[in-house]
Amino acid sequence: MGGPCELQAHVIDGADDASAAFVAAEAEVRRLEARYSRYRDDSVTTLINRSAGTESGCVVDAETAALLDFADTAFEQSGGLFDLSSGALRRAWDFKAQRVPEANELAQALACVGWQRVDWQWPRLFLAQGMELDFGGIVKEYAADRAVDVLRAHGVRHGLAELGGDIAIVGPHPDGAPWQVGIRHPRDPGQAIATIPLAHGAIASSGDYERWFETGGTRYCHILNPLTGWPAQGLASASVVAPQCLLAGAASTIAMLKGAQHGPAWLDALGLAHLCVTPGGAVVGALGGA
C-alpha cells in the first residue's frame, strides 16, 4: 500500500468491541493487495498481463470490471493522462539507479503504452502484445474505500482508514468534531503545510517526493506522463478532497500530470476542493473542511 496503514475508530459505550471490525477491514485490504499486486504470480493483474497478445484475451470478474470502467472514464476525462497501461514506462525509468533513460529506451516503452489500444468489452479484456496493466494507481485508494465500508458494516460510525497517506473517513468524532488531517509539506516531510478538518468523504495526495532523483538540476519523480513518457513537472504535490478516496486519488494524480498551469483549474472545473503546491512552495487552491 506504499506506506504505513492505520485504522482508527471510536468505540461508543454499549457498543460491541471494535476488534472484529478492525480484523475484517484489515483482511479486506490484504485481500485487495493480494488480488491486484503485480508482484504476485497468482494475482488478477498477472493473469491479465499474461494474456497480452492472445486471441482469447482475459475474462475478468465484476470487481475488476468496475475498476476497469473507472479507469476508462478517468482516461477519457483526463485527455489520456490517467492510463492503467503506463506501468510499462518502468522498463525505461530506474529510480533506484537514478538514471534518465535514453531516447530509444523511452520510445520502446511508450510503444507499449496507450489505453486507447486496449479492447475492453465486458467481461473480456484484450491487451496488445507487450502491453501490461498496473492497478497500483487506484487499488490503494479503492482499498481505503472498501475498508471504511467494512467498518460501517460492523457498526463503526466514527473512524477512518489511512493507507499510505490516503484517507477515507467513516464519520466524525462522537461529538461531531471533524478529524484534523495534516497535508505533508512536499519539501519538508516532518512538517504539515496545511491542516484541514474532515468529517466525511476522503482525501488523497500525489507528489514528487516519494520516489525521485535529481540530476543536472532537474528533479525526476515516479509520476510519469503516459503521453510523453516523462515525469510530471510544475507541481510538487496535489491533495484532493472527494466523496470517495478512489476519485480523490485519480484526480490528484491527474492534477500532478497537468501541472501548475492546468491542474488546479481542472480541479476547480470538477468542483473538487484541493491544495496544490509548486516546487517553490507556493500554495494554489484551498481545502475547505467538510
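Refer to the structure printed above.
Residues numbered from 1 in each chain as written. Predicted model: local features only at pLDDT ≥ 70, side-chain atom pairs only at ≥ 80, totals over all residues. Heavy atoms only, no water.

### Regarding the overall build of the chain
Inference 1: Scanning the chain from N- to C-terminus turns up six helices and 14 strands.
Inference 2: Computed over the C-alpha atoms, the radius of gyration of the chain is 19 Å, within 12% of the 19 Å expected from 2.2 N^0.38 for a compact globule of 290 residues.
Inference 3: Burial status across the chain gives 48% buried among its 290 residues.
Inference 4: In the chain, the share of contacts with a sequence separation of at least 24, taken over all contacts with a separation of at least 6, comes to 61%.
Inference 5: Of the roughly 13300 Å² of accessible surface on the chain, a fraction of 51% belongs to carbon and sulfur atoms.
Inference 6: Between the centroid of the 21 positive side chains of the chain and the centroid of its 33 negative side chains there is a distance of 5 Å. (Helix = DSSP H or I, 4+ residues; strand = E, 2+ residues; numbered from the N terminus. Rg over C-alpha atoms; globule rule 2.2 N^0.38 Å. Buried < 20%, exposed > 50% of the residue type's maximum accessible area, 1.4 Å probe, protein only. Contact = heavy atoms within 4.5 Å. Areas by Shrake-Rupley, 256 points an atom, 1.4 Å probe, with all protein chains shown as cover. Lys, Arg positive; Asp, Glu negative; His and termini not counted. Charge placed at Lys NZ, Arg CZ, Asp CG, Glu CD.)

### Thoughts on the nonpolar core
Inference 1: Judged by nonpolar contacts, the single largest core of 63 residues is most densely connected at I48, L68, L84, L133 and F135.
Inference 2: Per element, the largest residue contribution to this core is eleven residues, and it comes from helix α6 (residues 245-270).
Inference 3: Those residues within four positions of L133 in sequence are excluded, and the remaining contacts are T45, I48, N49, L68, L84, S85, W115, L125 and L127.
Inference 4: Formed by 14 residues, the second largest nonpolar core is a distinct cluster that contains I167, W179, A194 and L287. (Core = buried A, V, L, I, M, F, W, Y, C linked by side-chain atoms within 4.5 Å.)

### Focus: the sheet that holds strand β3 (residues 119-121)
Inference 1: The three strands lie next to each other as β2-β4-β3, forming an open sheet whose pairing is antiparallel. Either end of the sheet is taken by a strand with one partner, and the two such strands are β2 (58-59) and β3.
Inference 2: As paired strands, β3 and strand β4 (residues 124-126) are joined by three bridges and run antiparallel to one another. Each residue of the ladder has a partner; that of W120, found in β4, is L125. (Pairing = 2+ DSSP bridges.)

### Focus on the environment of Q77
Inference 1: Residue position: Q77 is located in helix α3 (residues 62-77).
Inference 2: Separated by 177 residues in sequence, Q77 and I254 place their C-alpha atoms 9.7 Å apart.

### Things to note about the packing of helix α5 (residues 136-153) against α6
Inference 1: With their axes 7 Å apart at the nearest point, α5 and α6 run at an angle of 155° to one another. Here α5 is positioned roughly antiparallel relative to α6, judged by the angle of their axes. For α5 against α6, the interelement crossing comes out right-handed. Where α5 approaches α6, its residues I138, E141, Y142, A144 and D145 are matched on the opposing element by C245, L246 and G249.
Inference 2: The class makeup of the residues in the contact of α5 with α6 is five nonpolar, one polar and two charged. (Axes fitted to C-alpha atoms, helices over the stretch in contact; angles between N-to-C directions. Parallel < 35°, antiparallel > 145°, perpendicular 65-115°, else oblique. Left-handed = near helix turned anticlockwise from the far one by under 90°. Nonpolar A, V, L, I, M, F, W, Y, C, P; charged D, E, K, R; others polar.)

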